[in-house]
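Chain and residue survey
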Amino acid sequence: MKKNTRVFHISDKTYEDQVREAASILRAGGTVAFPTETVYGLGADALNEQAVMQIFEAKGRPADNPLIVHVDSKESCLKLVRAIPDKASILMEIFWPGPLTLIMERKEIVPDVTTGGLETVAVRIPENKIALELIKYAGIPIAAPSANLSGRPSPTTAEHVLSDLSGRIDALIDGGGVSIGVESTVIDMTSEIPAILRPGKISKEELETYIGEVQVAYDDKVHPESETVRSPGMKYTHYSPKSGVILVEGEHDNVVSRIKELIDDFSLRNAKTGLLLTEESKSEFPVHLSYSIGEKDKPEQAAKHLFFGFRYLDERNIDVIIVDGSFKPDGIGMAVFNRVRKAADMIIKV
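Heads up: these notes are all about the structure in this document. (Residues numbered from 1 in each chain as written. Predicted model: local features only at pLDDT ≥ 70, side-chain atom pairs only at ≥ 80, totals over all residues. Heavy atoms only, no water.)

**Describing the sheet that holds strand β9 (residues 185-188)**
Within the open sheet, the 11 strands sit side by side as β1-β8-β2-β3-β7-β4-β6-β5-β9-β10-β11. Their pairing is mixed. Two strands in the sheet have a free side with no partner beyond their single neighbour: β1 (6-9) and β11 (215-216). Pairing analysis gives two bridges linking strand β10 (residues 195-198) to β11, with the strands arranged parallel. Note on β11: the bridge partner recorded for isoleucine 196 is valine 216. Contacts between helix α4 (residues 86-95) and the sheet are confined to β5 (100-105) and β9, with β5 contributing the most and set at about 155° to the helix. Strands in contact with helix α7 (residues 158-165) are β1, β2 (32-35), β3 (40-45) and β8 (171-174); relative to β8, the strand with the most contacts, it is inclined by about 160°. (Pairing = 2+ DSSP bridges. Helix = DSSP H or I, 4+ residues; strand = E, 2+ residues; numbered from the N terminus. Contact = heavy atoms within 4.5 Å. Axes fitted to C-alpha atoms, helices over the stretch in contact; angles between N-to-C directions.)

What follows is the structure in structure tokens.
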């Protein structure tokens, strides 16, 4: 049944009333999309099975994919997990609120639908005023994957959410654009050596500064449907625009040369191409339809613009999106490469 999706446009005069009203929808078992610092999330009461099932229905997302639970305090986290390991406690003090999700052993209060049937739960405190006050006013932990149709690029604006989910969710809080643009780092704290299951803004090197050795337990492939995974973003198609995607990785000059060859090839086939380019590459393609993902030595810009760029080009009925992969893989750059590789139909290294 189609829903009448309410949109709360936040302003200083109506801010508290709007957030309180959205919180009441969550308490009543409804779904509300809201901004975080990473991407927009689609929230429901994490402890209400029927409410959480509405997330999967709205997104068209398989119900064996674990969700991240958003809380507003360490005390709220303690209600969901059996214990907080010492290293997890250290990371909470350093990085919460922020784009870091910790996986710990769950209490029985957390339903299977929220955890994808796992005996662990993924938890974080978002670093966004609207998100934090929504959680506070709702008075419940909020399960929230990205607020998009399953498999599509994650939403970084309210417009992206409406494009995918209008009529499928109860409400949306329009809080403007997000500040980071890719999802949180996910780290499993249940193993002897903590393991990163999904890269994000907070890097392996940053984590090791505070807790010692951290292993990397993710890859850039989409795992089979039959496989059990411990984190969002590891299973099923993710981050993909409607257009085909080709990622060209390498040094700037080599990447530019290969992109030119690809454009010529697709032109002969009457295929319409769009480009996601670094600022340094833009001058090489002055008349071609393109969107800038920022300077190649500033991967945080690529993180902020990647999903927006995918959607921008999709709206222009592109057949193939070619991504300039000459930006640095340092820090958050690893997370950007992870997202593009999962979205790509072809990866070319030059």
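**With respect to the nonpolar core**
With 46 residues, the main nonpolar core has Cys77, Leu91, Leu100, Leu102, Met104, Ile187 and Leu207 as its most contacted residues. Counting only elements with at least two residues in this core, the list comes to β3, α2 (49-59), α4, β5, β6 (120-124), α7 and α8 (204-211). Ranked by the residues each element gives to this core, the list is headed by α2, at five residues. Setting aside anything within four residues of it in sequence, one finds leucine 207 in contact with Leu91, Phe95, Leu100, Thr185, Ile187, Ile196, Ile202, Gly212 and Val214. Counting residues in each nonpolar core, the second largest holds 25 residues, with Ala302, Ile318, Val323 and Val336 among its members. (Core = buried A, V, L, I, M, F, W, Y, C linked by side-chain atoms within 4.5 Å. Buried < 20%, exposed > 50% of the residue type's maximum accessible area, 1.4 Å probe, protein only.)

**Quick notes on the sheet that holds strand β15 (residues 320-325)**
Read from one edge of the open sheet, five strands run β14-β13-β15-β12-β16, paired in parallel fashion. The sheet is open, and its two borders are formed by β14 (290-294) and β16 (346-349), each paired with just one other strand. Neighbour-to-neighbour, the strand axes of this sheet turn through a mean angle of 20°, independent of strand direction. Bridging between strand β12 (residues 244-249) and β15 involves six bridges; their strand directions are parallel. By the bridge assignment, isoleucine 246 is partnered in β15 with isoleucine 322. Lying on the sheet, helix α12 (residues 332-343) is in contact with β12, β15 and β16; it crosses β12 at an angle near 135°.

**Looking at unusual backbone geometry**
Comment: phi is negative for the bulk of residues other than glycine, and the bulk of peptide bonds are trans. Backbone torsion omega between tryptophan 96 and proline 97 reads -5°, so that peptide bond is classified as cis. Assignment of secondary structure puts proline 97 in the loop between α4 and β5. Positive phi values are uncommon outside glycine, yet asparagine 270 reaches one of about 60°. Looking at the element boundaries, asparagine 270 is found in the loop between α9 (252-268) and β13 (273-278). In this structure asparagine 270 comes out as exposed when scored by relative accessible area, which is 71%.

**Looking at the packing of aromatic side chains**
Taken as a whole, this structure holds four aromatic pairs when the rule is applied. Judged by centre distance (5.6 Å) and plane angle (85°), the ring pair of phenylalanine 95 and tyrosine 210 falls under edge-to-face. Residue phenylalanine 95 is located in helix α4, and its partner tyrosine 210 is located in helix α8; the two are separated by 115 residues in the primary sequence. Accessibility expressed as a relative area gives 41% for tyrosine 210, which makes it partly exposed. Relative to tyrosine 312, the ring of tyrosine 291 has its centre 5.2 Å away and its plane inclined at 40°; by these criteria the two rings are tilted. Of this pair, tyrosine 291 sits in strand β14 while tyrosine 312 sits in helix α11 (residues 299-314), placing them 21 residues apart in sequence. Here a set of aromatic residues connected by ring pairs shows up, and it is made of Tyr291, Phe308 and Tyr312. (Phe/Tyr/Trp six-rings, centres within 6.5 Å; stacked < 30°, edge-to-face > 60°.)

**Some details on the environment of histidine 305**
On the secondary structure map, histidine 305 appears in helix α11. Accessibility expressed as a relative area gives 27% for histidine 305, which makes it partly exposed. Residues histidine 305 and asparagine 254, spaced 51 residues apart in sequence, show a C-alpha to C-alpha distance of 23 Å. The contact partners of histidine 305, leaving out residues within four places of it in the chain, are Tyr291, Ser292 and Ile293.

**Some remarks on the environment of leucine 207**
Its location among the elements puts leucine 207 in helix α8. Taking C-alpha positions, leucine 207 is 34 Å from alanine 58, a pair spaced 149 residues apart along the chain.

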